[in-house]
Amino acid sequence: ATPKAAAAAQSLKKIFPSVEATGHELAIPMPGHAVSAAEIEQVKADVEKLHRLIKEHDVVFLLTDTRESRWLPSLLAAAERKLAITAALGFDSFLVMRHGVHAPRG
């Protein structure tokens, strides 16, 4: 099966062929959850990649499995003043949320 992020990027390209979209799979640490010693280096690399991707792009779509895992990406997007959009599916519901960019600072 195609990972969610890659499938979303492919679908966006079908809708709007000139869009520049790619999917990335990352292990995002969640607040309050322990990271084992064996996972530390991979988690650090994934967090650095996440931050770099957010800095380099105009819009970030968060297709994570839990609300806890959306915390860090939405926090980084806010810090970088980037638009983040969450899309989540439940058993009998769905959620789409905009984590917006407010008026310019200053």
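How each quantity is defined
Residues numbered from 1 in each chain as written. Predicted model: local features only at pLDDT ≥ 70, side-chain atom pairs only at ≥ 80, totals over all residues. Heavy atoms only, no water. pLDDT = per-residue confidence, 0-100. Helix = DSSP H or I, 4+ residues; strand = E, 2+ residues; numbered from the N terminus. Axes fitted to C-alpha atoms, helices over the stretch in contact; angles between N-to-C directions. Parallel < 35°, antiparallel > 145°, perpendicular 65-115°, else oblique. Left-handed = near helix turned anticlockwise from the far one by under 90°. Contact = heavy atoms within 4.5 Å. Nonpolar A, V, L, I, M, F, W, Y, C, P; charged D, E, K, R; others polar. Patch = residues over 30% accessible without salt bridge, like charges linked within 9 Å, V, L, I, M, F, W, Y side chains within 5 Å. Areas by Shrake-Rupley, 256 points an atom, 1.4 Å probe, with all protein chains shown as cover. Salt bridge = Lys/Arg side-chain N within 4 Å of Asp/Glu carboxyl O. Buried < 20%, exposed > 50% of the residue type's maximum accessible area, 1.4 Å probe, protein only. Pairing = 2+ DSSP bridges. Core = buried A, V, L, I, M, F, W, Y, C linked by side-chain atoms within 4.5 Å. Expected span 1.5 Å × (residues − 1).

## Quick word on the confidence of the model for the protein
- Mean pLDDT for the protein: 87, with 96% of residues reaching 70 or above.
- The lowest-confidence element of the protein is strand S3 (residues 94–99), averaging 84 in pLDDT; the highest-confidence one is helix H2 (residues 40–56), averaging 94.

## Points about the packing of H2 against helix H3 (residues 67–79)
- Contact geometry for H2 and H3: axes closest at 10 Å, N-to-C directions at 40°. Taken together, the axes of H2 and H3 lie oblique to each other. Handedness of the H2/H3 crossing: right-handed. Residue-level inspection shows Val47, Leu50, His51 and Ile54 of H2 in contact with H3, the latter providing Leu72, Pro73, Leu76 and Ala77.
- Split by residue class, the contact of H2 with H3 holds seven nonpolar, one polar and no charged.

## Some details on a nonpolar patch on the surface
- Together, Leu12, Val59 and Phe61 make up a nonpolar patch on the protein surface, roughly 230 Å² of accessible area in all.
- Here Phe61 shows up in strand S1 (residues 59–62).
- The class of Phe61 is partly exposed, set by a relative accessible area of 46%.

## Details of the sheet that holds strand S2 (residues 83–89)
- Sheet architecture is open: three strands sit in the order S1-S2-S3, paired in mixed fashion. Edge positions in the open sheet fall to S1 and S3, since each of these has one partner strand only. Mean inter-strand twist for the sheet, computed between neighbouring axes without regard to direction, equals 15°.
- Where S2 meets S3, six bridges bridge the pair, whose relative direction is antiparallel. By the bridge assignment for S3, Ala88 is matched with Leu95.

## Structural notes on the nonpolar core
- Ile28, Leu50, Ile54, Val60, Leu62, Leu72, Leu76, Ala77 and Ala84 together form the largest nonpolar core, which totals nine residues.
- Mapped onto this core, the elements with two or more residues apiece are H2, S1 and H3.
- Per element, the largest residue contribution to this core is three residues, and it comes from H3.
- If we ignore the near neighbours within four places in the chain, the residues touching Ala77 are Ile54, Lys82 and Ala84.

## Focus on H3
- Counted at 1.5 Å a residue, the expected span for H3 with its 13 residues is 18 Å, and the 18 Å between its end C-alpha atoms agrees.
- Looking at the buried positions of H3, the neighbouring elements they touch are H2, S1, S2 and S3.
- Arg81 sits one or two positions beyond H3 and adopts a positive phi of about 55°.

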